[in-house]
Every structure is written in structure tokens, then in C-alpha cells.
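Chain by chain, the residues run as shown.
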Amino acid sequence: MISRFEIKNNDFIQSYYDYRKQELKKHELKALFFEVTSRCNARCEHCGSSCGDFVPKDEITKEEIWGVLDDIAAHYDPRKIMLFITGGEPLVKKDLFEIMDYANKLGFLWGMTTNGILIDEKVVEKMVETNMKTISVSIDGLEELHESFRKTPGAFKKIIKGLKLMQNCPSIVDIQVTTCVNKKNIGQLEQILELVKDIGIKDWRLIEIDPIGRAAQNSDLLLDSKDFKRMFEFMFKTRVENPDMKIMYGCGHYFGVDVNTALNGGVFSCFTGYWVASILSNGDIFGCPDIPRLPELIEGNIRTDSFVDVWENKFKRYRRINRTSNKKCKACPDWKLCLGDAFHTWDFKKRKPNFCVRELFSEEIAENTKKKEEPIIETKEKKETKADTKKKKTTKTATKNKTTNKKKKWYN
């Protein structure tokens with residue numbers, strides 16, 4: 001299935017590389033992740049932010065969030081910016097819908113990522129009142145596995161009920177189920193698919209677990225090359241068999257032009273800092289919330305800085321075309337398309353990607369490269385043999401003709 005890892009069209013490669021550079025210069029804000037809290041009612045084994053049941057003293061307040069929204073709306077068209085509300089678990093923030101009502105009245109579109117445990121009739125009513133447009137709810141296995149993985153006994157049935165309730169919510173244009181595919185649940189994908197269909201959901205997103213946050217301490221969850229191929233093949237097969245469903249792969253990684261195009265309809269790109277930013281639960285102005293929270297990657301804080309000023313004049317490290325690079329990456333034939341892969345899986349200490357498609361599929365790439373080269377070598381050898389044979393025949397014929405001509409001339 002994964003047969004090609006590079007594209008030969010140099011014009012395409014260069015034009016896409018130029019497009020990325022142009023986006024760096026424009027840095028038009030299109031998506032803002034708002035981590036409204038780092039509190040959570042689950043203890044997921046893969047949590048990139050290592051969230052838990054605690055109330056941090058520095059959590060941003062309703063008024064502080066309103067101030068940021070005012071700042072952005074005064075400088076940009078809020079109708080062109082999507083707010084993605086995340087956490088922690090956003091629904092544990094008691095004044096969440098007061099915040100989102102204010103955002104809606106300013107003209108922002110908004111959606112939420114949630115574990116779904118707290119969704120009930122009252123919450124759905126609030127979603128309608130505040131004009132929530134999208135929601136992504138996590139299901140990571142059948143009941144026993146899901147609750148074990150997320151450390152949430154008794155939560156599964158509540159999540160299913162919440163998903164069914166939201167289907168009667170007129171403001172929501174997209175209800176998505178997200179599954180974090182890992183070693184524990186990859187054998188349950190067929191059953192999860194049937195569950196999603198039974199609930200009536202038409203949008204299912206599969207993502208892998210990256211070695212960040214708690215997942216870095218649970219490396220036994222991470223997929224290997226066989227698992228990735230199994231997941232992709234399952235997705236392609238499922239799409240054919242369920243044409244009425246939207247089955248997508250998460251933002252993830254560079255897997256090669258052919259694979260990424262087949263998965264999501266285009267070349268993989270990590271646009272954090274280009275047109276994606278986030279505000280963390282302590283007010284820090286940041287890139288994507290999944291990025292390691294290193295001090296040098298924090299661009300400011302809403303308590304001391306204007307978000308718009310920071311977005312316009314900082315983010316320098318994010319906006320370098322070679323922001324995730326080393327000598328090995330730059331020498332790679334996929335460099336201009338991969339650019340060191342996703343920013344959130346770059347190891348800033350070791351200066352190398354935590355995920356590399358060429359390392360993950362090294363044996364298969366080597367095998368495919370050999371298969372590609374063998375016919376070329378064989379053809380080249382055949383051409384050389386044919387050329388030599390032709391040359392010898394031509395020389396022999398010419399010599400013969402020369403001799404014959406000499407003989408004729410001698411006889412004449």
C-alpha cells in the first residue's frame with residue numbers, strides 16, 4: 001500500500017515550497033486554540049498536556065479571555081477566525097458558556113474538543129444559545145477499553161448519550177468522533193466504526209499518539225510501521241465501503257505525497273505560527289497546544305502583552321522555513337515537502353524529529369528504491385549491450401564492405 005515516498009515532479013515540489021514561504025510572510029491568523037483550563041476529569045494515558053484534577057492558581061479568567069477577544073476583533077475580522085476551545089476538559093470551566101456567548105456576539109465561529117463526559121441536556125442547550133458550530137468527542141475503544149485508557153469508570157454510556165443528544169442541536173454543523181489509535185485499540189477499529197455508525201455520526205477522525213506529555217512515559221502505546229500501514233489500509237477500505245461517511249486522518253505527519261494525499265487530499269503541512277496560534281490556560285501566547293512547553297517557544301502572555309502585537313511582531317522562530325531542520329533532514333530528498341515534519345514532534349534538545357517517515361519505513365523504502373533502480377540498471381545494461389553489439393556489427397559490416405570494395409577495385 002505504501003509504495004512511494006517521494007515525488008518526481010520538481011516543479012510541484014518547488015512551487016509548494018515557495019507557497020509555504022509565502023504563508024510565513026503573510027501569517028494571517030485563521031485558527032486560535034484557546035486552552036481555557038488545564039483541569040480535567042480524566043487521566044488519559046496519552047495526554048500531551050499531562051492534565052489532571054487540580055486548580056492552577058494562574059488559570060486565565062473570563063474577563064482576561066474577553067479582553068483578548070476584544071483585542072483580536074478590533075484588528076481582524078472575527079468571522080474569518082475559528083476559535084477551537086480545548087483544555088484540559090473545557091466543560092469543567094463553570095463560566096465557559098459565558099465566555100463563548102461573548103465570543104459569538106463579537107462574530108467569532110467556535111468549536112470544542114471534549115471527552116464528552118459532562119454533556120447533558122443543559123449543556124446542549126448552552127451550545128445552541130452560544131451558537132457552537134463544531135465539536136470533537138473522544139472514543140478510544142469499546143466501553144471497557146475506553147474507560148481503562150482514559151481512567152474514567154462509568155463514563156462511556158454518558159458519552160454515547162451526549163453524542164445522541166447533540167444530533168438534535170441545530171447550531172452544530174459537524175459532530176466528530178476522534179479516536180486516538182494506539183497499540184491497545186488498533187484491533188478494535190472495526191467495532192469502533194460500527195459503534196460510531198450506530199450512534200449516527202458521519203465524521204470520524206483517526207489520529208495516532210505522539211511521544212509527548214504522558215505518552216512519552218507510555219511508549220508501549222506508540223504505533224510501529226506495521227500498525228500505521230494497518231490503520232491506513234483500514235481507512236482506505238472503510239471509505240470505499242462507507243461513502244456517506246467522512247473518515248479522516250488527524251493532522252499528524254508527513255508520510256510522502258501519495259499517502260498524505262490519499263489520507264487527507266493534500267500534502268502534509270504544519271502551519272503553527274503561520275496561521276495557527278494558541279493561548280494556554282496560564283495566558284501564555286504559544287503555537288499549537290501540542291508543542292512541548294519550552295520557555296523559548298512562549299511568545300508572550302495576555303496579562304502583559306497584546307495578543308495582536310505578539311502575533312504581528314514575534315513568532316520569529318516559528319516563521320523560519322528551516323525551523324525544524326538539521327543536516328540530515330536538509331540532505332533528505334523529501335526535505336522541501338517534509339521540512340522536518342510536525343513542530344510538536346521536533347526534539348529541540350537533540351535537534352532531530354521524534355517522528356521520521358524514512359526511519360519508520362526504512363526497510364520498505366530501501367526495498368522500493370531497489371525495485372525502482374533495478375529495471376533502470378537492467379535497461380541501461382541492455383542499452384549498452386545493444387549499443388556495443390550494434391557498434392560491432394556496424395564495424396564488421398564496414399570492414400567487410402571496405403574489403404569488398406578494395407577487392408572490386410583491385411579486380412577492376
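Here the structure is shown first, and the text comes after it.
Reference entry: report on the structure contained in this document.

Here is what the cut-offs are and how they apply
- Residues numbered from 1 in each chain as written.
- Predicted model: local features only at pLDDT ≥ 70, side-chain atom pairs only at ≥ 80, totals over all residues.
- Heavy atoms only, no water.
- Axes fitted to C-alpha atoms, helices over the stretch in contact; angles between N-to-C directions.
- Helix = DSSP H or I, 4+ residues; strand = E, 2+ residues; numbered from the N terminus.
- Parallel < 35°, antiparallel > 145°, perpendicular 65-115°, else oblique.
- Left-handed = near helix turned anticlockwise from the far one by under 90°.
- Contact = heavy atoms within 4.5 Å.
- Salt bridge = Lys/Arg side-chain N within 4 Å of Asp/Glu carboxyl O.
- Buried < 20%, exposed > 50% of the residue type's maximum accessible area, 1.4 Å probe, protein only.
- Expected span 1.5 Å × (residues − 1).
- Arc of directions from axis to C-beta.

**Looking at the packing of helix H3 (residues 96-106) against helix H4 (residues 121-129)**
Here H3 crosses H4 at 20 degrees, and the two axes come no closer than 9 Å. Classified by the angle between their axes, H3 and H4 sit roughly parallel to one another. Crossing geometry of H3 relative to H4 is assigned as right-handed. Residues Phe97, Asp101 and Asn104 of H3 form the contact with H4, whose participating residues are Val123, Lys126, Met127 and Glu129.

**So, the pattern of salt bridges**
One pass over the structure, following the stated rule, counts 19 salt bridges. A salt bridge links Arg79 to Asp77; the nearest nitrogen and oxygen atoms lie 3.0 Å apart. By relative accessible area, Arg79 is classed as exposed at 61%. Judged by its relative accessible area of 25%, Asp77 is partly exposed. Here the salt bridges do not stand alone but share partners, grouping Arg39, Glu59 and Lys93 into one network.

**Remarks on helix H1 (residues 10-26)**
Between its first and last C-alpha, H1 extends 24 Å over 17 residues, near the 24 Å set by a 1.5 Å rise per residue. Among all positions in H1, only Ile13, Tyr16, Tyr17, Arg20, Glu23 and Leu24 are buried. On an axial view of H1, the arc spanned by its buried residues comes to 115 degrees, and they lie on one face. Facing away from the buried side of H1, by more than 90 degrees, are the exposed residues Asp11 and Lys25. If you follow the buried residues of H1, they end up packed against helix H12 (335-338). A positive backbone phi angle near 30 degrees is found at His27, which sits one or two residues after H1.

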